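Structural description and commentary
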Amino acid sequence: MKDTGSIKLKATLLVEGINYEEEAVEEVGSTYKEQNHGLFGWDFENHTGLLLPDDLCLPDGTVVQFRFNSGSPYCVKKINNDLFLFHGEEETCRVEWIKRPEFYTSYTSNGNEMIKIGQVGGEDCLFYCYNNYCSHFSHNKECLFCNLVSTSKTYNSVLKKKDYHDIGEVAAAAWAEGMVNHILLTGGCFKGEKEVEIVSAIMASIKKHTGFDRVPGTILPSPARGDDLLRYFETGIQAIGFSMEIWDDRLYNAMCPGKAETTSHNEFLNSIKTAVKIFGAGNVYGVFVMGLEPRDTFLEGINVLYGEGANVVPFVWSPNPGSRLEGHRAPSPDWYTDVIREAAGIACESGVPPGTENHCYRCDGNNLLHDALKEKGIV
Ligand code: SF4
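Position labels on residues start from 1 in each chain and follow its written sequence. Since the coordinates come from a predicted model, pLDDT governs what is reported: local features require at least 70, and pairs of side-chain atoms require 80 or more to be given and counted, while whole-chain, interface and lining totals use all residues. Values reported for side chains reflect all heavy atoms of the structure, with hydrogen atoms and water molecules removed beforehand.

**Notes on the overall build of the protein chain**
Just so we agree on the cut-off: Numbered from the N terminus, helices here are DSSP runs of H or I no shorter than four residues, and strands are runs of E no shorter than two. With C-alpha atoms as the basis for the radius of gyration, the globule rule is written as 2.2 Å multiplied by the number of residues raised to the power 0.38. Relative accessibility under 20% of the residue-type maximum defines a buried residue, over 50% an exposed one, and the middle range a partly exposed one, all with a 1.4 Å probe and only protein chains included. Residue-level accessible areas treat just the shown protein chains as cover; the underlying method is Shrake-Rupley with a 1.4 Å probe. Only four residue types enter the tally: Lys and Arg on the positive side, Asp and Glu on the negative side; His and the chain ends are excluded. Here the site of a charge means NZ on Lys, CZ on Arg, CG on Asp, or CD on Glu.
Secondary structure summary: the protein chain contains eleven helices and 13 strands in total. Taking 21 Å as the expected radius of gyration for a compact globule of 379 residues, we find that the protein chain reaches 20 Å, a close match to that expectation. Along the first, second and third principal axes, the C-alpha set of the protein chain runs to 60 × 50 × 40 Å. When burial is assessed residue by residue, the protein chain has 58% of its 379 residues classed as buried. Looking at the protein chain as shown, the accessible area adds up to about 15400 Å², and 48% of this sits on carbon and sulfur atoms. Side chains of the protein chain give 34 positive and 52 negative charges; the mean places of these two sets differ by 4 Å.

**Here we look at the sheet that holds strand 7 (residues 119-121)**
The condition that has to hold: We call two strands paired when DSSP finds no fewer than two bridges between them. Note on geometry: axes are C-alpha line fits, over the in-contact stretch for helices, and angles between N-to-C directions span 0 to 180 degrees. Whether two residues are in contact is decided by their heavy atoms: any pair within 4.5 Å suffices.
With mixed pairing, seven strands are arranged side by side in an open sheet as 7-8-9-10-11-12-13. For this open sheet the edge positions go to strand 7 and strand 13 (311-316), each flanked by a neighbour on one side alone. Ignoring which end each strand starts from, the neighbouring axes of this sheet average 30 degrees apart. Bridge analysis of strand 9 (residues 182-186) against strand 10 (residues 215-220) gives four bridges, and the strand direction is parallel. Counterpart to Ile183 in the pairing with strand 10 is Gly217. Of the strands in this sheet, strand 10 and strand 11 (237-245) are in contact with helix 5 (residues 227-234), which crosses strand 11 at around 140 degrees. Contacting strand 12 (284-290) and strand 13, helix 10 (residues 333-350) crosses the sheet at an angle of about 155 degrees to strand 12.

**Focus: the site of the ligand**
Stated formally: Here a residue is considered near a molecule or strand provided that any single heavy atom belonging to it is located within 4 Å of it. For this scheme, ten residues count as nonpolar: Ala, Val, Leu, Ile, Met, Phe, Trp, Tyr, Cys and Pro. Four count as charged, namely Asp, Glu, Lys and Arg, and the remainder, Gly too, count as polar.
The environment of the ligand is made up of Cys134, His136, Phe137, Glu142, Cys143, Phe145, Cys146, Leu148, Glu245 and Lys259. Among the residues forming the shell around the ligand, the class breakdown is six nonpolar, one polar and three charged.

**Overview of the domain arrangement of the protein chain**
Put simply, the rule reads: For the domains described, the bounds stem from an automatic or database domain assignment. A quick way to say it: buried area is the sum, across both parts, of accessible area lost when two parts are put together, with a 1.4 Å probe. Here, a salt bridge means any Lys or Arg side-chain nitrogen found within 4 Å of an Asp or Glu carboxyl oxygen.
Domain assignment breaks the protein chain into domain 1 (6-97) and domain 2 (107-375). Here the C-alpha centroids of domain 1 and domain 2 sit 23 Å apart. Contacts between domain 1 and domain 2 engage 32 residues on the former and 44 residues on the latter. Interface area, domain 1 with domain 2, both sides summed: about 3100 Å², of which 61% is carbon and sulfur. Here domain 1 and domain 2 share two salt bridges between them.

**Observations concerning the pattern of salt bridges**
A side chain of one charge can pair with a side chain of the opposite charge when the charged atoms of the two come close. In this structure the tally under the stated criterion is 19 salt bridges. Close ionic contact of Asp371 with Lys10 constitutes a salt bridge, the shortest N to O distance being 2.6 Å. Of the two residues, Asp371 is situated in helix 11 (residues 369-375) and Lys10 in helix 1 (residues 6-16); the sequence distance between them amounts to 361 residues. Residue classification places Asp371 among the buried positions, given a relative accessible area of 5%. A salt bridge links Lys99 to Glu177, with the nearest nitrogen and oxygen atoms 3.8 Å apart. Of this pair, Lys99 sits in the loop between strand 6 (90-97) and strand 7 while Glu177 sits in the loop between helix 3 (164-176) and strand 9, and the two are 78 residues apart along the sequence. For Glu177, a relative accessible area of 19% puts it in the buried group. In this structure, a network of salt bridges that share partners links the residues Glu26, Glu27 and Lys78.

**Brief notes about the environment of Tyr20**
Structurally, Tyr20 can be placed in strand 1 (residues 19-20). Exposure remark for Tyr20: the relative accessible area of 11% places this residue in the buried category. On a C-alpha basis, the gap between Tyr20 and Cys75 in space is 4.8 Å, while along the polypeptide they are 55 residues apart. Discounting chain neighbours no more than four positions away, the residues touching Tyr20 are Val25, Leu50, Leu52, Phe66, Phe68, Cys75 and Val76.

**Describing the state of the cysteines**
Heads up, the rule is: Cysteine sulfur atoms are paired as a disulfide whenever they come within 2.5 Å of each other.
Tallied over the entire structure, the rule returns zero disulfides. The structure places no disulfide on Cys348, whose sulfur is separated from the nearest cysteine sulfur, that of Cys360, by 16 Å. Using a relative accessible area of 31% as the deciding quantity, one classes Cys348 as partly exposed.

**A closer look at the sheet that holds strand 6**
Ordered by their spatial adjacency, six strands build an open sheet running 1-4-5-6-2-3, and the pairing between neighbours is mixed. Sheet topology places strand 1 and strand 3 (63-65) at the edges, where each strand pairs with a single neighbour. With two bridges joining them, strand 2 (residues 55-57) and strand 6 adopt antiparallel strand pairing. Directly across from Cys57, in strand 6, lies its bridge partner Glu96. In the packing of helix 1 onto the sheet, contacts are made with strand 3, strand 4 (74-79), strand 5 (82-87) and strand 6, and the angle to strand 3 comes to roughly 10 degrees.

In structure tokens form, the structure reads like this:
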């Protein structure tokens, strides 16, 4: 039977990209939320000078990242003030852009544009990249799927390094307008800096400005280990993630040459086990790039991590411009749909709390696991 569900459609749109008619994007950047390239670029082609939507919602509330591809058979058109997704000449469904946060037009007391400090991911996740920097690029050992440097050079749209006080003010503004429910915090650090100290100062500012004792959300630091895990917990963030990227050890070494030199597969696993003891089951994430390894090794990773009490966020890979894999092709939408449903079955059977107070299906336009769990009644 042909699968016409939202998971399959979302997988298709992430793998094929989306085109648009001019009229459909007229209010993007004013009424609706535009892309701001806070970290990576996820489109199939760059679009400097053009404001394009960050994401869209399908009729059942599924959030889909907008990955621009002028050659995609999928196109968003505006008809009588409503937006519709078309496949060729055939209407697929109605869609909606997500409203633009009010704080995007505000400034911090330091005079910085709030939009250049924090951005909203999906419908409710306040995203900060505290340092747009990764040392692996300078040694030509960046992860093969990563376009951090190219995105930053192409758009230069956010402040590379953010002031802690500004970050707190943006959190206060975002929560005050009632749009966000969690934060996602990531970054890197320069030689001589201690990342956990940076995060500690940022979290102190967010807590001060929002009044939270513990902040709902997730920190994705450079691979954290040892005593730092307890220190991250003490900053007041509720969950921590580990960007393992690829489960298969040999593929991980090949795809992530710089990262694999500094953190081995087993070090990641040991840190995740320790973090579960500190943060609690469900409050630790293994983060993967899904589509760069075979089904069996990906699912093995899902099995092991849920067995340890962790959750998993698998981002759907497609070949981003400026990455070493630009021009390659992602697996088929059917592959993504089948594999993610099997992963959701493993997650459900594990009994690990879904951690939706820290990261939920509304946060993620580029991950299918939350949607597959929602299909099973877990939201
Ligand atoms: S560790 Fe890899 S994915 Fe992360 S920023 Fe560096 S190159 Fe990119």
